[in-house]
Each structure stands twice: as structure tokens, then as C-alpha cells.
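# Close look at the chain arrangement
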Amino acid sequence: MAEETRWLDDAERDVWRTFITMTSALTDSLDRQLQRDAKMPYTYYEILVVLSEAPRRELRMSELAGLRGSSRSRLSHAVSRLEEAGWVERRECPTDKRGQLAVLTDAGFAALAAAAPGHVTAVRESLFDRLTAEQVRVLGEISAAVLGGLDPDMLLPGNHPPDPARGCGGGHVAEPPHTPEVGRPEVGADT
């Protein structure tokens, strides 16, 4: 027996439309800022962020695709463009000759470090400066609840258990941890 569709009521439909329009407009605004100021699309910025946070700044291509929620072919195209810019290199995986690693180069890390301040400013002005502290906390809780249902295995960046010290769950941090052994600079980003 087929389950009956639970249609959205008027209030839910209005919230859904506002939410989907807001997320699209926010992503478009952040993409325009990064294109204008750093000459990179938001998607490439996020790939650089994920690589900057990985051990030795490298990930298997298949793992990177999963972390970005991207198809392997779409990721491969993006990594090819990042290779052309000199920001990422592909290397053979030493433990599996069929696999490839995407490796963030020093030039890629420098590009990320240069792009991060403008990106953080855009995020702050577009989102956080428009909300009260309580609204930020609630947005974190809501985002964590929805993301937890979509990614129950917690594989996506930013999907982690709520941290009471941070005041909310979820939230991708673009600032890579400082690792003195590779001497990379800090990226001044909060998103």
C-alpha cells in the first residue's frame, strides 16, 4: 500500500521557498565575491579548503569527491582546472596504483590564504552580521539537525556533533590547523 503524500501547509511552503531562495542567493553572492576578488569559483575555494585540512594536504580523489558531495567526473574536471592554475597536483596513490591523490601545492595554499580574508568578510556581512547571537545559535542547531539526517555517517565536512563550547553544531571551518612541520601559513578564515 502506497503511503499518502504529506503536502506542505502554507506556512511550511513559505518557509521552504524563503529558505531555498536564501541559500541560493547566499551561495551566488559568495561565488561572485570569490570570482571578483580571488579569480576562483566558490567550488574551487571549497576544494582548496578541504585539501588544506587533510593530513599532508592530500586526499584520494574518490575521498575528495565524497567529502565535497560531488561526482567523480565533476571533481576531476575541477581538479584539472586547479592543476592548470598550479594550485593542486595529482599524484599516484602509493598504496593503490589505480587511485590518484589530489595534493594542495604551496601556491594553492597561498591562493587560499589570499582569498580567505575577503571570503570571511563576505560571509560575515551576508549572514552573521544580520543575525543576533541567539539566531546564530538556532541556525547552527537547525543546520546540524538537517545535515545529520542527510549525512548520518558524518562524512561531509562541517558535519560533526554539536560542540557546546562553540555554541552550535555543524559549520565548516576554512582555517586549516597550523602544522609547524610543513611550515604553512595560517589562513585567516572562519567559514
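Values in this document were obtained by computation on a predicted structure and should not be read as measured data.

Moving on, we come to the overall build of the chain. Scanning the chain for helices and strands turns up 6 helices and 3 strands. When the helices and strands of the chain are read in sequence order from the N terminus, they spell out α-α-β-α-α-β-β-α-α. Out of the 191 residues belonging to the chain, those deemed buried represent 34%. Looking at the chain as shown, the accessible area adds up to about 12,000 Å², and 55% of this sits on carbon and sulfur atoms.

Our focus in this paragraph is the confidence of the model for the chain. Interpreting fine coordinate detail is not advised for predicted regions of low pLDDT. Per-residue pLDDT for the chain has a mean of 83; in total, 81% of the residues score no lower than 70. Ignoring residues within four places in sequence, the model shows residues 162-191, a span with pLDDT below 50, making 71 contacts including any to other chains.

If you walk across this open sheet you meet the 3 strands as S1-S3-S2, and the pairing is antiparallel. With one partner strand each, in any of the chains shown, strand S1 (58-60) and strand S2 (88-93) form the two edges of the open sheet. This sheet shows a mean twist of 30° between the axes of neighbouring strands, independent of strand direction. Pairing geometry for S2 and strand S3 (residues 96-104), over 6 bridges, is antiparallel. Looking across to S3, one finds that Cys93 is bridged to Asp96. Docked against the sheet, helix H3 (residues 61-68) engages S1, S2 and S3, running at close to 95° with respect to S1.

Our next topic: the nonpolar core. Met40, Tyr45, Leu48, Leu51 and Leu64 are the most contacted members of the largest nonpolar core, which totals 29 residues. Among the elements of the structure, helix H1 (10-38), helix H2 (42-53), H3, helix H4 (72-84), S3 and helix H5 (106-126) are those that each provide at least two residues to this core. Ranked by residue count, the leading element in this core is H2, at 7 residues. Sequence-distant contacts of Leu64, that is, excluding residues within four places in its chain, are made with Ile47, Val50, Leu51, Leu59, Leu75, Val79 and Ala102.

The next point concerns the packing of aromatic side chains. Scanning the model with the defined rule gives 1 aromatic pair in all. For the pair Trp16 and Phe19, a centre-to-centre distance of 6.0 Å together with 35° between the ring planes defines the contact as tilted. Remark: Phe19 and Trp16 occur in helix H1; sequence separation between them is 3 residues, near one turn of the helix. Its relative accessible area of 44% is what places Trp16 among the partly exposed residues.

Judged by side-chain polarity, Leu8, Trp16, Phe19, Ile20 and Met22 come together as a nonpolar surface patch covering roughly 480 Å² of accessible area. Locating Met22 in the fold gives a position in helix H1.

The rules behind each value
- Residues numbered from 1 in each chain as written.
- Predicted model: local features only at pLDDT ≥ 70, side-chain atom pairs only at ≥ 80, totals over all residues.
- Heavy atoms only, no water.
- Helix = DSSP H or I, 4+ residues; strand = E, 2+ residues; numbered from the N terminus.
- Buried < 20%, exposed > 50% of the residue type's maximum accessible area, 1.4 Å probe, protein only.
- Areas by Shrake-Rupley, 256 points an atom, 1.4 Å probe, with all protein chains shown as cover.
- pLDDT = per-residue confidence, 0-100.
- Contact = heavy atoms within 4.5 Å.
- Pairing = 2+ DSSP bridges.
- Axes fitted to C-alpha atoms, helices over the stretch in contact; angles between N-to-C directions.
- Core = buried A, V, L, I, M, F, W, Y, C linked by side-chain atoms within 4.5 Å.
- Phe/Tyr/Trp six-rings, centres within 6.5 Å; stacked < 30°, edge-to-face > 60°.
- Patch = residues over 30% accessible without salt bridge, like charges linked within 9 Å, V, L, I, M, F, W, Y side chains within 5 Å.
- Salt bridge = Lys/Arg side-chain N within 4 Å of Asp/Glu carboxyl O.

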